[in-house]
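# Secondary and tertiary structure notes
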Amino acid sequence: MPDDKNLNLSPKSADSIAKTTCYMCACRCGINVHIKGDEIRYIEGNRDHPVNNGVLCAKGSAGIMQHLSPARLTAPLKRVGKRGEGKFEKISWEEAMEMATSWLKPIRETDPRKLAFFTGRDQSQALTGWWAQQFGTPNFAAHGGFCSVNMAAAGIYTIGGAFWEFGSPDWEKTELFLLFGVAEDHDSNPIKIGLGKLKDRGIRTVSINPVQTGYSAVADDWIGITPGTDGLFILSLIHVLMKTGQIDLDYLIRYTNAPWLVIRRPGSADDGLFWRDEHGQPQVLDHKTGKPVSAETAGIRPQLKGEIALPDGGVATPAFMLMAEDWLNDQHSPEVTEEKTGVPANRVYALADAIAEAAFKREVVIDQPWVDWKGEHHDKMIGRPVAMHAMRGISAHSNGFQTCRALHILQILIGSVETPGGFRFKPPYPKPAAIHPRPAGKPDQVKPSTPLPGAPLGYPMSPDDLLVDDKGRPVRIDKAYSWDAPLSAHGLMHMVISNAYAGDPYPVDVLFMYMANMAWNSSMNTRGVIDMLTETDPQTGEYRIPKIIYSDAYSSEMVAYADLILPDTTYLERHDCISLLDRPICEPDCVADAIRWPVVAPDRDVRGFQSALLDLGARLGLPGMVDADGKPLYRDYADYMTNHQRKPGIGPLAGFRGQSGKDHGRGDPNPDQIDAYIANGGFWSEELPENARYFKMANQHYQDFAVKMGFFDKPEPYSFQIYSEVLQKFQLAAQGHGNNQPPEHLRDRIKTCFTPLPQWYPPFEGDMVDQRTYPIHALTQRPMAMYHSWGSQNPWLRQIHGHNPLFIPAALARSLEVEEGDWVWVTSHHGKIKVPVAVMEGVNPHTVWTWNAIGKRRGGWQLDPDAPEARKGFLLNHLIHELLPMRGDGLRWSNSDPITGQAAWFDLKVNITKADAEDNATVEPTFPILGAPPGLEKPSSVLRYGDSIIARDKKENDQ
Ligand code: SF4
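Throughout what follows, the structure given in this document is the object of discussion. (Residues numbered from 1 in each chain as written. Predicted model: local features only at pLDDT ≥ 70, side-chain atom pairs only at ≥ 80, totals over all residues. Heavy atoms only, no water.)

## Here's the deal with the sheet that holds strand β1 (residues 16–21)
If you walk across this open sheet you meet the 3 strands as β1-β2-β3, and the pairing is antiparallel. The outermost strands of the open sheet, each flanked by one partner alone, are β1 and β3 (39–45). Mean inter-strand twist for the sheet, computed between neighbouring axes without regard to direction, equals 30°. Sheet topology note: the strand β2 (residues 30–36)/β3 ladder contains 6 bridges and is antiparallel. Counterpart to Ile 35 in the pairing with β3 is Ile 40. (Pairing = 2+ DSSP bridges. Helix = DSSP H or I, 4+ residues; strand = E, 2+ residues; numbered from the N terminus. Axes fitted to C-alpha atoms, helices over the stretch in contact; angles between N-to-C directions.)

As structure tokens, this is what we get:
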């Protein structure tokens, strides 16, 4: 025993601190990683970082256990057993890359579409999308189609941005905060920090969510709405606000298309389009003269009412009149909507009053002069301090796009978008749909050995931009940008495997995926997807999806179903680039980006996926990845981050550019750029000028700043699109106008859903199944302490959520005679599961819910096959099919939003019955135990950090 006097009471915990970026969720907080020797000892928040100001959440601090996970893959693997058996052989990287090259090269030289390249929640889409483009395949997307594309696309098409990565509530100035359908992992630290600020100032928060957990549990008011009716609820708020005249008319006139004249000539090919002059400029009625002028004319005051006869017949009226006709209609009155939404009319009136009171009686005024894009000077910035935030809850329905549009329109009507106290854009947003690229991949754009002429993902502006063949059939494997889902800005990842399996619209040769656990929690119809991945063609004996390449850092369930595994590093062992070309970490007042860098070296034969992808690109000779002699242009991802230029002066990282490292935004590559980021704490940021901080869509100071930084090459001011001409163009096509016509079976659906002003329609699944058989809504959400499937294998986080019960409302529990700990059968039109139950009060009376992606397949993730995640954890995915029930015409539609293709996870309807009591109950369905790939560490039975380190420290202290 050491002498007590010599006991070291302050042992050195670290030799160094490395500042990098967290990847335990998608918020990308700054972290300080304490390192001793070659071991990570402790992670804390970086106090200087613009995203988190030092705040670290449970996930972030548990990153150390993610890094040490026994499920980490250790070397490239080649499948040697059958798919699903988990039998692999370790191979060298050279062999792995040669194998991948030999599979991909012939495809590129003959038919690049035969590669489907899809990624999960990775943070390198600026690279992966470019790689797909250079390969020449249109079949690329990331996970957005099954996450929240409705939120993102509705935002871009309506206001030029959306929540979270595109914008933020004005936490410092808002007077009322509304949260709609927010999952607890979207977003994380920034929302918690913001809610803390609101609590400090005593600001009221209202949560509209079927489930009262997380942020809803700390809200001042909770409105337990019926799932899928948020759009109807929002339209009833709009109805009340319009009816009582509590909207911001000046804001509508200045910053929106409400005054733009809409052609009203029923039956004609231009009915419902904007009336434009010969230069294509939309027209408004000048209040002074009553005459039509271009909406861009400076010094005019456009009318919101009126009508003008058109020279060639019909009339044109301001879009505002159509808004009034639609939304003042009694079908939107709270008395009519309350039955469907479950929100009593008096609560709608009370909330509308609260919104109006905060917006118009507590307006925020900043004494900051600014100039708008028409050259008009404003001596103040005046704001309507009502802020809102929404996420997957309102998005993952088949009516989600129009719901999300309605929410943005509610914000616009009270003048709270990009004004003090409201919702604020984060640079490089706002960026309206019109200045985003159109998707590339039309039939004549896909050619052997040739890059696509543009990015595979983009924003269509009319049926002319669809990716369909001359018969109107889809040309992408996920049928994105076809009549099935015209505005599918993030693709339809949830349809890739089933379409590839069915060879519809064509078979693929190679499915290449990264970080997407499609054989388990990321797929609807999990068992069906497993069957599709393993089924062979009886004629050839070959798998229906012949070759699957998969990259992941961990032994997820998907690994067993791939043929070639490219093992990724953990986030602390790699370079990464949180780029302005992708979804950056900017705040409303500052532009910022960040890096990850290897704060410790990998101790396994693994490589960062992005470096492997660039190597593969070079081996395939992809343009931009090789020089004139065919030699690789980039050593690895770090080299690409430093030297790649998307156009002259614009690279993946905006900070410390130019030979001197003093340029920002635009500038030549700087060989020392990554070192400059590391020295600066892993990020770069630059404050916006004071006069550029609000009204960014119309603010000349901001527009000039955006051009200087390289966001645009010229100022791109615009008006918010309350009335969507884009949707009207699809509506007109469905009515039979134009050369590009939808197939007959989709015509009526387009007429119903593609309304230029948002309308509510019932979610598809709920409308198609029998309400008496399946009367209950079923939802999932991720818990605050976990993110996707990674978190639920993390030894520390497993101690917070080791399994997931089905939470059911107390009244429903009583009627089923079910108590906490009992088991129930849950059935849908597609499947049946047996699960444990927990009873709660704070949930909509017709809704049950559970945490998603905690349930693991036995043998996956190097967990004990009898781990609680496998025995008492479950997925609702088994109940959800990627197709809706059969329709009367014998067709089955995709279980998606018909506008964007967003996976409609939350439309699920179920029935619940009590299961027989039995000991040692296990969830059903069960699956065979997965075999572990070779090389994985044996997991410790003790869920704590570094037994060996603790022993060594003790020895050091004792000496
Ligand atoms: S919020 Fe996300 S990025 Fe931030 S510390 Fe937590 S896990 Fe990491």
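There's more to say after this.
## Examining the pattern of salt bridges
Throughout the structure, instances matching the rule amount to 60 salt bridges. A salt bridge links Asp 589 to Arg 424; the shortest N-O distance between them is 2.5 Å. Of this pair, Asp 589 sits in the loop between β26 (576–578) and β27 (590–596) while Arg 424 sits in strand β22 (residues 423–425), and the two are 165 residues apart along the sequence. Each member of the salt-bridge network shares a partner with another, and the members are Glu 94, Glu 98, Arg 607, Asp 615 and Arg 619. (Salt bridge = Lys/Arg side-chain N within 4 Å of Asp/Glu carboxyl O.)

## Thoughts on the packing of helix α8 (residues 230–243) against helix α10 (residues 319–327)
As a packed pair, α8 and α10 sit with axes 10 Å apart at the nearest point and diverge in direction by 110°. Classified by the interaxial angle, the pair formed by α8 and α10 is roughly perpendicular. With respect to the hand of their crossing, α8 and α10 are arranged in left-handed fashion. For the pair α8 and α10, the contacting residues are Leu 235, Ile 238, His 239 and Met 242 in the first and Phe 320, Met 323, Ala 324 and Trp 327 in the second. Across the contact of α8 with α10, the residue classes break down as 7 nonpolar, 1 polar and no charged. (Parallel < 35°, antiparallel > 145°, perpendicular 65-115°, else oblique. Left-handed = near helix turned anticlockwise from the far one by under 90°. Contact = heavy atoms within 4.5 Å. Nonpolar A, V, L, I, M, F, W, Y, C, P; charged D, E, K, R; others polar.)

## Here's the deal with a negative patch on the surface
Residues Asp 330, Glu 335, Glu 338 and Glu 339 make up a contiguous surface patch of negative charge. Secondary-structure assignment places Glu 335 in helix α11 (residues 334–341). Residue classification places Glu 335 among the partly exposed residues on the basis of a relative accessible area of 44%. (Patch = residues over 30% accessible without salt bridge, like charges linked within 9 Å, V, L, I, M, F, W, Y side chains within 5 Å. Areas by Shrake-Rupley, 256 points an atom, 1.4 Å probe, with all protein chains shown as cover. Lys, Arg positive; Asp, Glu negative; His and termini not counted. Charge placed at Lys NZ, Arg CZ, Asp CG, Glu CD. Buried < 20%, exposed > 50% of the residue type's maximum accessible area, 1.4 Å probe, protein only.)

## Considerations on the nonpolar core
In this structure, Leu 104, Trp 131, Phe 180, Phe 233, Phe 512 and Ile 912 are the most contacted members of the largest nonpolar core, which totals 281 residues. Apart from the residues within four sequence positions on either side, Ile 912 is in contact with Ile 776, Leu 806, Ile 808, Leu 812, Leu 816, Val 824, Trp 825, Val 826 and Val 848. Core analysis: the second largest hydrophobic core is formed by 10 residues, Trp 171, Phe 177, Val 182 and Tyr 215 among them. (Core = buried A, V, L, I, M, F, W, Y, C linked by side-chain atoms within 4.5 Å.)

## What to know about the sheet that holds strand β12 (residues 261–264)
The strands making up a sheet associate through backbone hydrogen bonding, with each pair oriented either parallel or antiparallel. The antiparallel open sheet is built from 3 strands, whose spatial order is β12-β16-β15. Only two strands of the sheet have a single partner each, and these edge strands are β12 and β15 (308–309). Relative to strand β16 (residues 315–318), β12 runs antiparallel, the two sharing 4 bridges. From the neighbouring strand, Val 262 faces β16, where its bridge partner is Thr 317.

## What to know about the side chain of Arg 583
Within the element layout of this structure, Arg 583 appears in the loop between β26 and β27. Relative accessible area serves as the criterion here: at 16%, Arg 583 is assigned to the buried category. Not counting residues up to four positions away in its chain, the partners in contact with Arg 583 are Arg 28, Arg 121, Gln 125, Glu 165, His 490 and Ile 578.

## Focus on the side chain of Glu 882
Structurally, Glu 882 is set in the loop between α26 (868–871) and β34 (909–914). The side chain of Glu 882 is buried and forms no salt bridge, while Arg 892, the nearest opposite charge, is found at 7.3 Å. In terms of polar contacts, Glu 882 uses its side chain to reach the side chain of His 881, at 3.5 Å. Apart from residues no more than four positions distant in its own chain, Glu 882 is found in contact with His 494, Met 495, Ser 498, Met 524, Asn 525, Met 532, Trp 893, Ser 894 and Asn 895. (Polar contact = N/O pair within 3.5 Å; in protein donor to acceptor, adjacent residues only side chain to side chain.)

## A word on the packing of α8 against helix α14 (residues 400–413)
For any two helices packed against each other, one specifies the crossing angle of their axes together with the interaxial distance. Where α8 meets α14, the closest approach of the two axes is 8 Å, and the angle between their N-to-C directions is 25°. Here α8 is positioned roughly parallel relative to α14, judged by the angle of their axes. When the axes of α8 and α14 are compared, the crossing they make is left-handed. On α14, the residues that touch Asp 230, Gly 231, Ile 234, Leu 235, Leu 237, Ile 238 and Leu 241 of α8 are Thr 403, Ala 406, Leu 407, Ile 409, Leu 410 and Leu 413. Residues belonging to the contact of α8 with α14 are distributed by class as follows: 10 nonpolar, 2 polar and 1 charged.

## Thoughts on helix α16 (residues 526–534)
Among the residues making up α16, those that are buried are Thr 526, Gly 528, Val 529, Ile 530, Met 532 and Leu 533. Packing partners of the buried residues in α16 comprise α15 (493–502) and β24 (547–552).

## Points about the site of the ligand
Contacts to the ligand come from Cys 22, Met 24, Cys 25, Cys 27, Arg 28, Cys 29, Leu 56, Cys 57, Lys 59, Gly 60, Ser 188 and Asn 189. Partitioned by chemical class, the residues of the shell around the ligand number 7 nonpolar, 3 polar and 2 charged. (Near = heavy atom within 4 Å.)

## Observations regarding α8
Since the α-helix packs 3.6 residues into each turn, any two residues three or four apart lie on the same face. Its 14 residues give α8 an end-to-end C-alpha distance of 20 Å, which sits within 8% of 20 Å, the value for a rise of 1.5 Å per residue. Immediately beyond the C-terminal end of α8, within one or two residues, lies Gly 245, with a positive phi of roughly 70°. (Expected span 1.5 Å × (residues − 1).)

## A look at the environment of Ala 485
Relative to the helices and strands, Ala 485 is located in the loop between β22 and α15. Residue Ala 485 is classed as buried on the basis of its relative accessible area, which comes to 1%. For the pair formed by Ala 485 and Ala 75, sequence separation is 410 residues and the distance between their alpha carbons is 39 Å. Among all residues touching Ala 485, those that are not within four sequence positions of it are Lys 479, Ala 480, Leu 492, Pro 898, Ile 899, Thr 900 and Gly 901.

## Considerations on the packing of aromatic side chains
Counting across every chain of the model gives 39 aromatic pairs. For the pair Phe 705 and Phe 711, a centre-to-centre distance of 6.4 Å together with 75° between the ring planes defines the contact as edge-to-face. Across this residue pair, the class does not change: Phe 705 and Phe 711 are buried. Through a chain of ring-to-ring contacts, three or more aromatic side chains come together here, namely Phe 117, Trp 131, Phe 135, Phe 140, Phe 512, Tyr 514 and Phe 609. The positively charged end of Arg 527 is found above the aromatic ring belonging to Phe 927, 4.5 Å away from the centroid. Over the face of the ring belonging to Trp 893 we find Arg 749, whose NZ or CZ atom lies 4.4 Å from the ring centre. (Phe/Tyr/Trp six-rings, centres within 6.5 Å; stacked < 30°, edge-to-face > 60°. Lys NZ or Arg CZ within 6 Å of the ring centre and 35° of its normal.)

## Side note on the environment of Val 240
With respect to the helices, strands and loops of the structure, Val 240 is situated in helix α8. Placed 113 residues apart in sequence, Val 240 and Asp 353 show a C-alpha to C-alpha distance of 8.8 Å. Discounting chain neighbours no more than four positions away, the residues touching Val 240 are Pro 334, Val 348, Tyr 349 and Ala 352.

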